[in-house]
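These are the residues of each chain, in order.
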Amino acid sequence: MDKLVLPDKPPFDNEQTEAEDLPVISQRIHDIIEVLNNFKELGDHERGRFAYVQQLIKDMAIYYGYSEFLLEKLFNLFSISEALEFFEANEVSRPVTIRTNTLRTRRRELAQSLINRGVSLEPIGKWSKVGLTIFDSTVSIGATPEYLAGHYILQSASSFLPVMALAPQENEKILDMASAPGGKSTHIAALMKNTGIIFANDSNKVRTKGLVSNIHRLGVKNTVICNYDGREFPTMLGGFDRVLLDAPCSGTGVISKDPSIKINKTEKDFILLPHLQKELLLSAIDSVDSKSSTGGYIVYSTCSITVEENETVVNYALKKRPNVKLVPTGLDFGKEGFTKYIQRQYLSSFPESN
């Protein structure tokens, strides 16, 4: 491959780039990535690596339909090859997945019932005993007799993980601080076998309607639905064995489900959302009974991949509440969060085992 000539000297011409055909931009994206992966041999050292990266960001923003602000923010989280894989993955629809409601049935029985109705499916993976992936169906998955009877709930596979990490035990007192539409709350209830008590809260009253519907349909009987600002719980009702905070976020991890995120997020969002997330996480911590004989755990999760909404928030809480320690999630896949990012350093050590 010869040295790649960029469209213009920086700053690049926006109108020129936007007027180009997408196939031309796509080819240049791949050419620039090839150059950056072997810059010593293929790069123009007078222009420098930075010029290639900036052109790559500009081209990717146009090709994939992002604001340049958001694309650069997400791009910087990955290696160049990983960034390409990430943006490509966001163009692919996720498969439909369902969670078996073990309060009503077993996965094997549910799978057979759905197969008999013309549904093509298979277990999500060895890591889940309740999940099923739906490949094709001759009937609407959200309107089968099994669905209406509460034998399953439509739920993304990734949203199983916070509840698995929370690992609720029977007869505990649990708070799901931002629970609508109820996939995680009903999962907690199933793992607790309808024992103990769950407070399923959501600050948005309109969203609690779907929460009520799912709790009734799935036969959950140990749950109180409430509509409070999550920050009120420490003074209003504390003493929980475990708290799940699946926090409001930018949604940068679910762009394939909501492509509008590509263009509707601004720098202001990544200031206001982390501020709220920090306040909610401190409230979650303060709502837990640190002397619980079975619990004393908080799970913080988001559907965002940005550092500002994840590592930075957790790091803030660890500094504000020095009695809190990080513990392993118990999940045997995924990657650890950043301990260093650009010029930031994050607390990372787990407590020593007794």
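Please read these numbers as outputs of a predicted model, since none were measured by experiment.

**A few points about the overall build of the chain**
Inference 1: The helix and strand tally for the chain stands at 15 helices and 11 strands.
Inference 2: Taking the principal axes of its C-alpha atoms as reference, the chain extends roughly 70 × 55 × 40 Å.
Inference 3: For the chain, the proportion of its 354 residues judged to be buried stands at 45%.
Inference 4: By element, 50% of the accessible surface of the chain is carried by carbon and sulfur atoms, the whole surface being about 18800 Å².
Inference 5: Charge separation in the chain, taken as the distance between the mean sites of 40 positive and 43 negative side-chain charges, equals 9 Å.

**A short note on the pairing of strand β1 (residues 96–100)**
Inference 1: Among the five residues that make up β1, four are buried, leaving the element largely enclosed by the rest of the structure.
Inference 2: Alignment of β1 against strand β3 (residues 131–137), held across four bridges, turns out to be antiparallel. For Val96, the partnering residue across the bridge sits in β3 and is Ile134.
Inference 3: Where β1 and strand β4 (residues 152–154) come together, three bridges link them in antiparallel fashion. Paired with Ile98 across the bridge in β4 is Leu154.

**So, the UniProt feature "active site" (unreviewed entry) in the chain**
Inference 1: Within the UniProt annotation, "active site" (unreviewed entry) is assigned to Cys303.
Inference 2: Mapped onto the secondary structure, Cys303 falls in the loop between β9 (297–301) and α15 (311–320).
Inference 3: The class for Cys303 is partly exposed, based on a relative accessible area of 35%.
Inference 4: Contact partners of Cys303, with chain neighbours within four places excluded, come to Cys249, Gly251, Thr252, Gly253 and Val254.

**Quick look at the packing of helix α5 (residues 68–75) against helix α6 (residues 80–89)**
Inference 1: Their axes nearest at 10 Å, the elements α5 and α6 cross at an angle of 125 degrees. What the angle tells us is that α5 and α6 run oblique. Contacts between α5 and α6 involve Leu71, Leu74 and Phe75 from the former and Ile80, Ala83, Phe86 and Phe87 from the latter.
Inference 2: When grouped by side-chain class, the residues that make up the contact of α5 with α6 number seven nonpolar, no polar and no charged.

**Section: the packing of helix α2 (residues 22–37) against helix α4 (residues 49–64)**
Any two packed helices are characterised by how steeply their axes cross, that is the angle between the axes, and by the distance between the axes.
Inference 1: Between α2 and α4, whose axes approach to 9 Å, the crossing angle comes to 145 degrees. The chirality of how α2 crosses α4 is left-handed. Between α2 and α4, the contacting residues are Leu22, Ile25, Ser26, Arg28, Ile29, Ile32, Ile33, Val35 and Leu36 on the first element and Arg49, Tyr52, Val53, Gln55, Leu56, Asp59, Met60, Ile62 and Tyr63 on the second.

**Things to note about the pattern of salt bridges**
Inference 1: Tallied over the entire structure, the rule returns 13 salt bridges.
Inference 2: Notably, a salt bridge pairs Glu91 with Lys262, separated by 2.8 Å at the nearest N-O pair. Remark: Lys262 occurs in helix α13 (residues 261–264) and Glu91 occurs in the loop between α6 and β1; sequence separation between them is 171 residues.
Inference 3: For Lys193, the salt bridge is made with Glu170, and the minimal N-O distance between the two is 3.7 Å. One end of the pair, Lys193, is in the loop between α10 (183–191) and β6 (197–201); the other, Glu170, is in the loop between α9 (161–166) and β5 (173–176), with 23 residues separating them in the sequence.
Inference 4: With a relative accessible area of 55%, Lys193 lands in the exposed category.
Inference 5: The partly exposed category is assigned to Glu170, whose relative accessible area is 40%.
Inference 6: A cluster of three or more residues bridged by salt bridges with shared partners is formed by Asp229, Arg231 and Glu279.

**So, the UniProt feature "binding site: S-adenosyl-L-methionine" (unreviewed entry) in the chain**
Inference 1: Here the UniProt feature "binding site: S-adenosyl-L-methionine" (unreviewed entry) sits at Ala178, Ser179, Ala180, Pro181, Gly182, Gly183, Lys184, Asp202, Asp229 and Asp246.
Inference 2: As for its placement among the helices and strands, Ala178 is situated in the loop between β5 and α10.
Inference 3: Once you skip the residues sitting within four places of it in the chain, Ala178 turns out to touch Asn201, Asp202 and Asp246.
Inference 4: Residue position: Asp202 is located in the loop between β6 and α11 (208–217).

**Re the sheet that holds strand β8 (residues 242–246)**
Inference 1: Strands sit in the order β7-β6-β5-β8-β9 across an open sheet of five strands; the sheet is parallel. The open sheet has two edge strands, β7 (223–226) and β9, and neither has a second partner. Strand-to-strand, the axes of this sheet are offset by a mean angle of 15 degrees, without reference to chain direction.
Inference 2: Pairing between β6 and β7: four bridges, direction parallel. When the sheet's bridge partners are listed, Asn201 is paired in β7 with Cys226.
Inference 3: Here α11 sits on the sheet in contact with β6 and β7, set at roughly 165 degrees to β7.

Thresholds, definitions, all that
Residues numbered from 1 in each chain as written. Predicted model: local features only at pLDDT ≥ 70, side-chain atom pairs only at ≥ 80, totals over all residues. Heavy atoms only, no water. Helix = DSSP H or I, 4+ residues; strand = E, 2+ residues; numbered from the N terminus. Buried < 20%, exposed > 50% of the residue type's maximum accessible area, 1.4 Å probe, protein only. Areas by Shrake-Rupley, 256 points an atom, 1.4 Å probe, with all protein chains shown as cover. Lys, Arg positive; Asp, Glu negative; His and termini not counted. Charge placed at Lys NZ, Arg CZ, Asp CG, Glu CD. Pairing = 2+ DSSP bridges. UniProt positions renumbered as here; feature names shortened; annotations may be inferred. Contact = heavy atoms within 4.5 Å. Axes fitted to C-alpha atoms, helices over the stretch in contact; angles between N-to-C directions. Parallel < 35°, antiparallel > 145°, perpendicular 65-115°, else oblique. Nonpolar A, V, L, I, M, F, W, Y, C, P; charged D, E, K, R; others polar. Left-handed = near helix turned anticlockwise from the far one by under 90°. Salt bridge = Lys/Arg side-chain N within 4 Å of Asp/Glu carboxyl O.

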